[in-house]
Amino acid sequence: MTTAQAIRSPGSRFTGLLPQRSDWTAVRRSPRRDLLAGLTVAVVALPLALAFGVTSGLGAQAGLVTAVIAGAVAATFGGSNLQVSGPTGAMTVVLVPVVQRFGARGVLMVGAMAGVVLIALAVARLGRYVRYLPTPVIEGFTAGIAVVIALQQLPAALGITDAHGDKVWAVAADALAGFARIPHPASLAVALGVAALMLFGARRRPGLPFSLFGVAIATILAEATPMGLTRIGTLPAGIPAPSLSFLDFGAVQALLPAALAVAALAALESLLCATVADAMSVNERHDPDRELFGQGLANLAVPVFGGIPATAAIARTAVNVRAGATSKLASLAHAVALAVIVLAAAPLVGRIPLAALAGVLLATTVRMVEAASLIALARSTRGDAVVLILTFTVTVVFDLVTAVAVGIGVAIVLALRAVARTARLQQVPLEPGDHSAEEHALLAEHIVAYRLDGPLFFAAAHTFLLQLSEITDVRVVILRMSRVTTIDATGAHVLADAINRLQRRGIVVLLSGITPDHEQILATLGLAGQLRGDGHVFPDTPAAITHARAHVLHHDAADLAPAPAAADTEFTGNGGGRNRQDGAASTLHQPQTAPFEPVLPGASPCDYC
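If you're wondering where the values come from, they're calculated on a predicted model, not measured in any experiment.

Here is what the cut-offs are and how they apply
Residues numbered from 1 in each chain as written. Predicted model: local features only at pLDDT ≥ 70, side-chain atom pairs only at ≥ 80, totals over all residues. Heavy atoms only, no water. Helix = DSSP H or I, 4+ residues; strand = E, 2+ residues; numbered from the N terminus. Buried < 20%, exposed > 50% of the residue type's maximum accessible area, 1.4 Å probe, protein only. Contact = heavy atoms within 4.5 Å. Areas by Shrake-Rupley, 256 points an atom, 1.4 Å probe, with all protein chains shown as cover. 1 Å grid on protein atoms, 1.4 Å probe; cavity = no way out; pocket = protein on both sides within 12 Å on 5 of 7 lines; lining within 4 Å. Points joined across faces, edges and corners; volume = space filled by probe spheres on them. Nonpolar A, V, L, I, M, F, W, Y, C, P; charged D, E, K, R; others polar. Expected span 1.5 Å × (residues − 1). Polar contact = N/O pair within 3.5 Å; in protein donor to acceptor, adjacent residues only side chain to side chain. Salt bridge = Lys/Arg side-chain N within 4 Å of Asp/Glu carboxyl O. Axes fitted to C-alpha atoms, helices over the stretch in contact; angles between N-to-C directions. Parallel < 35°, antiparallel > 145°, perpendicular 65-115°, else oblique. Left-handed = near helix turned anticlockwise from the far one by under 90°. pLDDT = per-residue confidence, 0-100.

A.B. asks: Help me understand the overall build of the chain, please; the structure alone is not making it clear to me.
C.D. replies: The number of helices and strands found in the chain is 26 helices and eight strands. In the chain, buried positions account for 48% of the 609 residues. Taking as baseline every contact in the chain between residues at least 6 positions apart, the subset at least 24 positions apart corresponds to 82%. Of the roughly 28,500 Å² of accessible surface on the chain, 62% is carried by carbon and sulfur atoms.

Structure follows, in structure tokens:
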């Protein structure tokens, strides 16, 4: 069996998605750093998991279960060494309407269905197409997420527990207003202190877990002094027993739209998160198809234990990378640490101040944004700057999915606009050949050749039609097609329309240099067959020019032929115009067509040589 056959075989497709021996080679390099990174991420992920569980409507325990189960399964089967999965804020937005309409069982069913969809996407090898996402979209998305995370932590950093709002920026604004009314300097000092320790400590000793140090110091200060800091609070203990009671195949049709939305969000957020993790690290490249497979298995497993749909979490992944993680061991350690916390250390973790965790995430957002990269992109081209700023703004103001959709849409429009500008319709001179000066002057006035350069597709078709339809005062137009890089159905339709318009005006259109790719689309639309049947398609331009010259000379000779006898008798009384050879006689026999002038005003025959 050849390599290509092996890649195409179903068995090879599936086994390529399973964990490989090479995945665990990195584990043996720095196990201590990975364990410390996993512990750091677990401390950061704990309050987030609790909060997202509550927000989804299934409770804090569901959030913790999701972080433990999805974190372990996605780390084992996923395609990224640095990815950390669990409940996310973007996912809860999708889940709230499902809870309201179908209840907790509906959410579990949606999660399982989304897992099946993700696995199907992985087997179909569709994950690789995320690499075509434009860099300004990824950079704008990353910067926007950093701002969103910072805004999410603002209430905890300011010591405000009752901030409200429909969007994250509205909640942050309400928290600022509450802080202005009743300041909580202790919370702000703790958050800024932890963030400063992480940022400055990482510059001096990047290998040490300063985030863990900062959280520990803040917790000790909170216990030793009457600072009045808000703590995590009481944690639920234990993980529910596995159950399949949520399965309801009769509700599949009703839940399918929500499941597709969850799967799309999970795929998009996970693949973008993995791309961001690669950019934040050195020599790391994720496998997008395996990442989808791992997320699919995670979302199949989580509902069995009562958890909510999961995806990769950018905040936790960023903390993982910045804490020094180098392998999947860190993500697994994070899941194990959360499980231990749930089972054994819930009272101790409940004493951690929320302001300390806010400081960890604030420092993480600062380190997520590469200012030099953003400035370089903004200065590169106007289109890149527009896509970058637009993606960033929509991420902050609206949500992740909308931002990526808008960013990609604008990037595609700008790219099509740039490509369409490369399509040109350029008049080219004809070679004089062996014709006399008189013949060449006649040919120069009646034959023009145009070379089509670049893609002839829908974005460039309108301009092409306008340019080609404006051709005047010629008998033959030669269209040189050899430099057309691509042609789509719209371009072919426009070409046919332009040719028909020219033919209705009595202008003969010849095509030369049609490639097999052009032939297929033109034949499908019936254009090539019609022109080929008329003998107007030629393999090269010289053959087309020879035919055009013959056509013009033939029609010119017909125009100059002697008039019929009846017409001659009208002029016999005036001296027998039929037999006169002077200039007056020649004026009696004008061509049947309208007089022709050079295409360009003031042009001479030599301009077309």
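A.B. asks: Just to check I follow, could you spell out the layout of surface pockets for this structure?
C.D. replies: To find the voids left in a structure, one rolls a probe of water-molecule size over its atoms. By volume, the second largest pocket amounts to about 440 Å³. Lining the second largest pocket are 20 residues, with Ile138, Thr275, Val276, Asp278 and Ala279 positioned closest to its centre. At the level of secondary structure, the elements contributing two or more residues to the lining of the second largest pocket comprise α6 (135-158) and α10 (252-280). Per-element accounting of the lining of the second largest pocket gives the leading share, five residues, to α10. Split by residue class, the lining of the second largest pocket holds eight nonpolar, six polar and six charged.

A.B. asks: I'm lost on helix α11 (residues 288-301) in this one. Help?
C.D. replies: Since the α-helix turns once every 3.6 residues, residues separated by three or four places project in the same direction. The end-to-end C-alpha distance of α11 is 20 Å, a good match for the 20 Å that 14 residues give at a rise of 1.5 Å each. Burial within α11 is extensive, with eleven of its 14 residues counted as buried. Where α11 is concerned, the buried positions are Pro288, Asp289, Arg290, Glu291, Leu292, Phe293, Gly294, Gln295, Gly296, Ala298 and Asn299. The backbone nitrogen of Asp289 has a side-chain oxygen 3.1 Å away, supplied by the residue at the start of α11, namely Asp287.

A.B. asks: How should the pattern of salt bridges be read in this particular structure?
C.D. replies: Close approach of charged atoms allows side chains of opposite charge to pair. Taken as a whole and judged by the stated rule, the model has four salt bridges. Where Arg125 meets Asp289, a salt bridge forms, and the shortest distance between an N and an O atom there is 3.8 Å. Of the two residues, Arg125 sits in the loop between α5 (89-123) and α6 while Asp289 sits in helix α11, which places them 164 residues apart along the sequence. Like Arg125, the residue Asp289 is buried in the burial classification. Among the salt bridges present, the one from Arg231 reaches Glu223, with a minimum N-O distance of 2.6 Å. For Glu223, a relative accessible area of 44% puts it in the partly exposed group.

A.B. asks: Before we go on, may I ask you to explain unusual backbone geometry in this structure?
C.D. replies: With the exception of glycine, the majority of residues adopt a negative phi angle, and the majority of peptide bonds are in the trans configuration. Positive phi values are uncommon outside glycine, yet Arg125 reaches one of about 60°. Take Arg125: its relative accessible area is 16%, and that puts it in the buried class.

A.B. asks: I keep staring at the packing of helix α16 (residues 371-380) against helix α17 (residues 382-397) and nothing clicks. Help me out?
C.D. replies: For any two helices packed against each other, one specifies the inter-axial angle together with the distance between the axes. The N-to-C vectors of α16 and α17 enclose an angle of 130°; their axes lie 5 Å apart at closest approach. In terms of axis orientation, α16 runs oblique to α17. Listed contacts from α17 to Leu374, Leu377, Ala378 and Ser380 of α16 are Asp384, Ala385 and Leu388. Here the residues of the contact of α16 with α17 are counted per class, giving five nonpolar, one polar and one charged.

A.B. asks: Sorry, what's going on with the side chain of Thr365 here?
C.D. replies: Here Thr365 is to be found in helix α15 (residues 354-368). Taking the relative accessible area as the measure of exposure, Thr365 reaches 7% and is therefore buried. Side-chain polar atoms of Thr365 contact the backbone oxygen of Leu362, separated by 2.6 Å. Once residues within four sequence positions are removed from consideration, Thr365 is found in contact with Ala146, Ile149 and Ala150.

A.B. asks: How should I be thinking about the environment of Ala496 in this particular structure?
C.D. replies: Assignment of secondary structure puts Ala496 in helix α21 (residues 489-504). By relative accessible area, Ala496 is classed as buried at 17%. Sequence separation of Ala496 and Leu522 is 26 residues, and the distance between their C-alpha atoms is 8.7 Å.

A.B. asks: Got a minute to help me understand the packing of helix α8 (residues 185-204) against α15 in this structure?
C.D. replies: Where α8 meets α15, the axes come as close as 7 Å, and the angle between the chain directions of the two elements is 40°. It follows from the interaxial angle that α8 and α15 lie oblique. Between α8 and α15 the crossing geometry is right-handed. Every residue of α15 that contacts α8 at Ser187, Val190, Ala191, Val194, Ala195, Met198, Leu199 and Ala202 is listed here: Ala355, Ala356, Gly359, Val360, Ala363, Thr364, Val366 and Arg367.

A.B. asks: Sorry if this is basic, but what is going on with the confidence of the model for the chain here?
C.D. replies: Low pLDDT marks stretches whose predicted atomic positions should not be read closely. Per-residue confidence for the chain gives a mean pLDDT of 78, with 80% of residues at or over 70. For the chain, per-element mean pLDDT is lowest for helix α26 (residues 583-586), which scores 36, and highest for α11, which scores 93. Note that residues 1-8 has pLDDT below 50 and, in this model, five contacts with residues that lie over four places away or in other chains. Here residues 566-609 is modelled with pLDDT under 50, and outside its nearest four sequence neighbours on either side it reaches 48 contacts, counting other chains as well.

A.B. asks: Can you walk me through empty space enclosed by the protein in this structure?
C.D. replies: Per the stated rule, a full pass over the model turns up one cavity of 30 Å³ or more. Roughly 120 Å³ of volume is contained in the largest cavity. Along its surface, the largest cavity is lined by 13 residues, and Met198, Phe210, Ser211, Arg322 and Arg367 are the ones closest to its centre. At the level of secondary structure, the elements contributing two or more residues to the lining of the largest cavity comprise α8, α9 (210-224), α12 (314-322) and α15. The biggest single contributor to the lining of the largest cavity is α15, with three residues. Class assignment for the residues of the lining of the largest cavity results in nine nonpolar, two polar and two charged.

A.B. asks: What am I meant to see in the environment of Val397 here?
C.D. replies: Topologically, Val397 is positioned in helix α17. Every residue in contact with Val397, bar those within four places of it in the chain, is listed here: Lys167 and Trp169.

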